[in-house]
Amino acid sequence: MSQTPASLSDFYEMDEVLSDEETMIRDTVATFVAKEWDPIVGDHFEAGTFPMELIPTIADMGLLGMHLDGYGCAGASAMAYGVACRELEAGDSGLRSFVSVQGSLCMFPIWRYGSTEQKEHWLPRMAAGEVIGCFGLTEPDHGSDPASMTTRAVRRGDSWILNGAKRWITNAGLADLAIVWANTDDGFRGFLVPTDSPGFEARKIQNKLSLRASVTGEFYMDDVEVPESMRLPDALSIGAPLSCLSEARFGIAFGAVGVARCCYEQALSYQLERPQFGKPLAGFQISQIKFADMLTDITNANLQAMRLGQLKEQHRLRPHHISMAKRHNCRVAIDTARTARAMMGANGVSTEYAPMRHAANMESVMTYEGTEEIHGLILGQQITNIPAFR
Ligand SMILES: Cc1cc2nc3c(=O)[nH]c(=O)nc-3n(C[C@H](O)[C@H](O)[C@H](O)COP(=O)(O)OP(=O)(O)OC[C@H]3O[C@@H](n4cnc5c(N)ncnc54)[C@H](O)[C@@H]3O)c2cc1C
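Residues numbered from 1 in each chain as written. Predicted model: local features only at pLDDT ≥ 70, side-chain atom pairs only at ≥ 80, totals over all residues. Heavy atoms only, no water.

## What about the pairing of strand S2 (residues 152-156)?
The sheet contact formed by S2 and strand S3 (residues 159-170) spans five bridges and is antiparallel. Pairing of Arg155 across the sheet is with Trp160, part of S3. Between S2 and S3, which pair antiparallel one after the other, the connecting turn spans two residues, and Gly157 there sits at a positive phi close to 60°. (Pairing = 2+ DSSP bridges. Helix = DSSP H or I, 4+ residues; strand = E, 2+ residues; numbered from the N terminus.)

Spelled out as structure tokens, the structure:
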């Protein structure tokens, strides 16, 4: 059967490696994005809001903590999680961020480092979307170097007293529970902090030009007291929050492919239908070379993501593998979005089409979860065995 131009975006037919269940998850998420997300994303992007009313549907699809086992989580494969992120981010990076933050940055640390009581109490509610989490690592003065954080937790009897500020936190302002990373006399620890705790104050960051269909905020803790039972017992070093970031970056590597694919497909159908100088724009050699480059880049990015999925399922995935794919695939996504935007002329700058929104979003996605430079340095250290961070 001959392929349509759009289906050619999986040029090497890599989705053939997906199981029936993974294919079903892919199709379910893609249908949700097409029917329920795409029609409203432009308005939310302009308003700077996330459509909270979709959270129950997202939860019903099993997407929150979907790659975790037990405690009401779907227990899906790593590949299924990746492919779901790809389809979500084709809709918008804000949508994929919502799912990544809830599952990889908030549920994963409880699942991996929490006590049985913490898991039983929080995870089923978070999988159901009844409790929304945020992950507080970045501070106003400490981003790429989180080990320099100044947020402190001090033990007082059976409690901990937390003081400090976290900034650029996805879902701060709408979250019910904050996963707070703090320094203590014994090193870095993670705490579960209900956002209605006395002394906890969150604010939305209003003037964001990127990832607008996602709420980003800051929070302050002024002598916030939590019991010892709210400390994650097995999170004993900065490696704990970094392992959560690895989980989320894995999703970004797939999500960026969705962004690039969406932009490529929109530019292609636009140029096939729009004539200038007497023929469709897609018929000019300059356009065709651009499409060839875009499709090659998307194919390379997709190959990297799918390989990460295989390595993760074989428990062979290492942080430097994820660094390469996160760095490479974000670059492909932003370049493809910008090229697609230009190929759509003036119409490309409106929210009626996705490329400019995706390009703006990718500025954040390239920055969070480790910037392009930091992932380059991680790779550099892996290649040379010489750390160059300082
Ligand atoms: C929309 C959005 C949502 C976010 N959500 C969250 C969240 O939910 N939770 C959370 O904890 N954080 C979140 N972040 C924060 C994000 O993780 C940080 O912005 C990121 O880690 C970079 O830190 P920074 O912004 O302080 O930049 P900096 O660390 O100040 O870096 C500035 C520039 O310097 C470069 N640089 C830094 N160090 C080096 C070096 N050694 N060598 C060369 N260049 C270097 C960087 O690559 C970058 O280009 C979010 C950010 C955004 C934009």
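## Overview of the pattern of salt bridges
Taken as a whole, this structure holds 20 salt bridges when the rule is applied. For Arg96, the salt bridge goes to Glu89, with nearest N and O atoms at 2.4 Å. Each member of the pair, Arg96 together with Glu89, is buried. A network of salt bridges, in which partner residues are shared, links Asp15, Arg26, Asp27, Arg86, Glu87 and Arg261. (Salt bridge = Lys/Arg side-chain N within 4 Å of Asp/Glu carboxyl O. Buried < 20%, exposed > 50% of the residue type's maximum accessible area, 1.4 Å probe, protein only.)

## Focus: a nonpolar patch on the surface
There is a patch of nonpolar side chains on the surface, built from Phe11, Tyr12 and Leu303 and spanning about 300 Å² of accessible area. Relative to the helices and strands, Phe11 is located in the segment before helix H1 (20-47). Overall, the relative accessible area of 40% leaves Phe11 in the partly exposed class. (Patch = residues over 30% accessible without salt bridge, like charges linked within 9 Å, V, L, I, M, F, W, Y side chains within 5 Å. Areas by Shrake-Rupley, 256 points an atom, 1.4 Å probe, with all protein chains shown as cover.)

## A word on the domain arrangement of the protein chain
Along its sequence, the protein chain is organised into domain 1 (7-127), domain 2 (133-230) and domain 3 (239-384). Computed over C-alpha atoms, the centres of domain 1 and domain 2 are 24 Å apart. Counting residues at the interface gives 23 residues for domain 1, matched by 18 residues for domain 2. Of the roughly 1,700 Å² buried at the junction of domain 1 and domain 2 (both faces included), carbon and sulfur atoms supply 69%. For the side of domain 1 that touches domain 2, the secondary-structure elements that each account for two or more residues are H1, helix H4 (93-113) and helix H5 (116-127). Residue contributions to the side of domain 1 that touches domain 2 peak at ten residues, all from H4. Of the residues that constitute the side of domain 1 that touches domain 2, the class distribution is 13 nonpolar, eight polar and two charged. (Domains from an automatic or database assignment. Contact = heavy atoms within 4.5 Å. Buried area = accessible area lost by both parts, 1.4 Å probe. Nonpolar A, V, L, I, M, F, W, Y, C, P; charged D, E, K, R; others polar.)

## Some words on the nonpolar core
Grouped together as the largest cluster of nonpolar side chains are 118 residues, with contacts concentrated most on Ile58, Ile110, Leu162, Trp181 and Phe219. Ranked by residues supplied to this core, first place goes to helix H6 (residues 239-273) with 17 residues. Dropping the residues within four chain positions of it, Phe219 is found in contact with Cys134, Gly136, Gly164, Ala165, Lys166, Ile169, Ala172, Ala178, Val180, Phe200, Glu201 and Ala202. (Core = buried A, V, L, I, M, F, W, Y, C linked by side-chain atoms within 4.5 Å.)

## Description of the pairing of strand S1 (residues 133-136)
Residue alternation in S1 divides its side chains into two sets, Gly133 and Phe135 and Cys134 and Gly136, and both sets are buried. Across four bridges, S1 lies against strand S4 (residues 177-184) in parallel orientation. Bridging across to S4, Phe135 finds its partner in Ile179.

## Comments concerning the site of the ligand
Near the ligand lie 19 residues; those nearest to it are Thr138, Ser144, Trp168, Thr371 and Glu373. Contact distances for the ligand include 2.7 Å between a nitrogen atom and a side-chain N or O atom of Thr138. Backbone polar atom of Phe389 to a nitrogen atom of the ligand: 3.0 Å apart, as the coordinates give it. For the ligand, whose unbound accessible area comes to 980 Å², protein coverage reaches 67%. For the shell around the ligand, the secondary structure elements donating two or more residues are S3, helix H9 (355-367) and helix H10 (372-384). Residue classes in the shell around the ligand are distributed as nine nonpolar, eight polar and two charged. Counting contributing residues, the shell around the ligand receives three or more from each of domain 2 (133-230) and domain 3 (239-384). (Near = heavy atom within 4 Å. Polar contact = N/O pair within 3.5 Å; in protein donor to acceptor, adjacent residues only side chain to side chain.)

## Structural notes on the state of the cysteines
Inspection of every chain in the model, using the stated rule, returns zero disulfides. Unpaired in terms of disulfides, Cys106 finds its nearest cysteine sulfur in Cys134, a separation of 6.2 Å. Free cysteine: Cys244, not disulfide-bonded; nearest cysteine sulfur from Cys106 at 8.7 Å. (Disulfide = S-S within 2.5 Å.)

## A short note on the packing of H6 against helix H7 (residues 285-313)
At a minimum axis distance of 9 Å, the contact between H6 and H7 shows a crossing angle of 155°. Classified by the angle between their axes, H6 and H7 sit roughly antiparallel to one another. Note on packing geometry: the crossing formed by H6 with H7 is left-handed. Across from Glu247, Phe250, Ala253, Phe254, Val257, Ala260, Arg261, Tyr264, Ala267, Leu268 and Gln271 in H6, the residues of H7 making contact are Ser287, Phe291, Met294, Leu295, Ile298, Ala301, Asn302, Ala305, Met306, Leu308, Gly309 and Lys312. Of the residues in the contact of H6 with H7, the class split is 16 nonpolar, four polar and three charged. (Axes fitted to C-alpha atoms, helices over the stretch in contact; angles between N-to-C directions. Parallel < 35°, antiparallel > 145°, perpendicular 65-115°, else oblique. Left-handed = near helix turned anticlockwise from the far one by under 90°.)

## Section: the packing of aromatic side chains
Counted under the stated rule, the structure contains eleven aromatic pairs. Joined through ring pairs, the aromatic side chains of Trp37, Phe50 and Phe98 make up one cluster. A cation sits over an aromatic face here: Lys279 above Phe284, 4.6 Å from the ring centre. A cation over a ring is seen here: Lys312 above Phe250, with NZ or CZ 5.5 Å from the ring centre. (Phe/Tyr/Trp six-rings, centres within 6.5 Å; stacked < 30°, edge-to-face > 60°. Lys NZ or Arg CZ within 6 Å of the ring centre and 35° of its normal.)

## Description of the packing of helix H3 (residues 78-91) against H9
With their axes 10 Å apart at the nearest point, H3 and H9 run at an angle of 125° to one another. Here H3 lies oblique to H9, going by the angle between them. In this structure, H3 uses Glu89, Ala90 and Gly91 to contact H9, whose residues at the interface are Arg357, His358, Met362 and Val365. Among the residues making up the contact of H3 with H9, the classes are represented as three nonpolar, two polar and two charged.

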